[in-house]
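# Chain and residue survey
In case you want the letters, here they are:
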Amino acid sequence: MMKRLLMLLCLLPLPAAAATYVEGRHYAEIALPQAVETGNKIEVREFFWYGCPHCYDLEPAIEAWLKKLPRQAQFVRTPGVAPRWLVHARAYYAFEALGALGKTHVAFFKALHVQKRPLEDEPSLLGFAAENGVDKEKFRQAFNSFGVRLKLDKARQLNLEMGIHSVPTLVVDGKYLTTPVMAGGNPEMFKVVEFLIQKAARERKSPAKKPQ
């Protein structure tokens, strides 16, 4: 009887807490770790592009996951800055500057992927802004502002230093990078991110000793 019970236990799946993810397979370590903007919180940074269908598909899962984001973590976004993506990155930072992302972020995805609208230049973006309750003149000013140009420069630097070659990509605490492809799908990616949040938290508590 005991032998049969042991055999059955061996066939049971391991609990989720026992999951182990492997560097180089499920995630990658960034060669030169970057400073974070979230202070004592573990930074989880999404790199995305509004025109990316995979980013659009991921967005509802991100919104659901954010409702149960670990308390020690904070989520931030950075647009990708490949040449054809720049107009959307500028729009993102313009809407952010106006405090309008709550009204425009998901709507922008839907305009591109559901309505198939060509939001690729300032006039079309002005129309989109007005339709979503954003003053056209204020958007125009923000879109062409020095502040938004500075944000774009910073985004370029982050994309470069973190080695972002595709989107969507999530970077944990400026040190670890994962994607749906690396993790094995969208649901698994959030498990990898939670694993990395815990890993980063442990490393913050026990930093490696510097050589004398």
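Scroll up for the structure.
Read on for an overview of the structure. (Residues numbered from 1 in each chain as written. Predicted model: local features only at pLDDT ≥ 70, side-chain atom pairs only at ≥ 80, totals over all residues. Heavy atoms only, no water.)

## A closer look at the nonpolar core
The criterion, for reference: As used in this record, nonpolar core signifies buried Ala, Val, Leu, Ile, Met, Phe, Trp, Tyr and Cys residues forming a set joined through side-chain atoms within 4.5 Å. Using a 1.4 Å probe on the protein chains alone, a residue whose accessible area is under 20% of its type maximum counts as buried, one over 50% counts as exposed, and one in between counts as partly exposed. Under the DSSP-based scheme used, a helix requires at least four consecutive residues in state H or I and a strand at least two consecutive residues in state E, with every element numbered from the N terminus. Contact definition: two residues touch when any of their heavy atoms are within 4.5 Å.
Ranked by internal contacts, the top residues of the largest apolar core, which has 39 residues, are Phe-95, Phe-108, Leu-125, Phe-139 and Val-167. Elements with a contribution of two residues or more to this core: strand S2 (42-48), helix H3 (86-97), helix H4 (101-113), helix H5 (122-131), helix H6 (136-143) and helix H7 (146-161). Looking at this core element by element, the count peaks at seven residues for H3. Look past the residues within four positions of Val-167 in its chain and what remains in contact with it is Phe-47, Phe-48, Trp-49, Cys-52, Cys-55 and Trp-85. Of all hydrophobic cores here, the second largest spans 21 residues; its members include Leu-58, Ile-62, Ala-183 and Ala-200.

## Things to note about the packing of helix H2 (residues 53-66) against H4
Let me state the cut-off plainly: Axis definition: a line fitted to C-alpha atoms, over the contacting stretch in the case of helices. Angles run 0 to 180 degrees between N-to-C directions. By definition in this entry, angles of less than 35 degrees are roughly parallel, angles greater than 145 are roughly antiparallel, angles of 65 to 115 are roughly perpendicular, and the rest are oblique. What makes a crossing left-handed is the near helix being turned counterclockwise from the far one by less than a right angle; a clockwise turn instead makes it right-handed. The residue classification treats Ala, Val, Leu, Ile, Met, Phe, Trp, Tyr, Cys and Pro as nonpolar and Asp, Glu, Lys and Arg as charged. All others, Gly included, are polar.
Running from amino to carboxyl end, H2 crosses H4 at an angle of 135°, the nearest separation of the two axes being 10 Å. Put simply, H2 runs oblique to H4. Crossing of H2 over H4 shows left-handed handedness. Listed contacts from H4 to Pro-53, Cys-55, Tyr-56 and Glu-59 of H2 are His-105, Val-106, Phe-109, Lys-110 and His-113. Among the residues forming the contact of H2 with H4, the class breakdown is five nonpolar, two polar and two charged.

## What to know about the packing of aromatic side chains
For clarity, the threshold we go by: Ring geometry is summarised as follows: Phe, Tyr and Trp rings, the Trp one being its six-membered ring, pair when their centres sit within 6.5 Å, and such pairs are stacked at plane angles under 30 degrees, edge-to-face over 60 and tilted between the two.
In the structure shown here, the tally under the stated rule is 17 aromatic pairs. Between Trp-49 and Trp-85, the ring centres sit 5.0 Å apart and the planes meet at 10°, which makes this aromatic pair stacked. Note that Trp-49 is positioned in the loop between S2 and H2 and Trp-85 in the loop between strand S3 (73-79) and H3, a separation of 36 residues in sequence. Each member of the pair Trp-49 and Trp-85 is classed as buried. Ring geometry for Tyr-50 versus Phe-109: centroids 5.0 Å apart, planes at 70°, classification edge-to-face.

## Brief notes about the pattern of salt bridges
Put simply, the rule is: Whenever a carboxyl oxygen of Asp or Glu lies within 4 Å of a side-chain nitrogen of Lys or Arg, that contact is scored as a salt bridge.
Inspection of every chain in the model, using the stated rule, returns 15 salt bridges. When the shortest N-O distance is used, the salt bridge between Glu-43 and Arg-45 registers 3.0 Å. The same class applies to Glu-43 as to Arg-45, namely buried. Close ionic contact of Glu-131 with Arg-117 constitutes a salt bridge, the shortest N to O distance being 2.7 Å. Of this pair, Glu-131 sits in helix H5 while Arg-117 sits in the loop between H4 and H5, and the two are 14 residues apart along the sequence. Look at Glu-131 and you get exposed, because its relative accessible area is 54%. The network of salt bridges with common partners includes Glu-37, Glu-43, Arg-45 and Lys-154.

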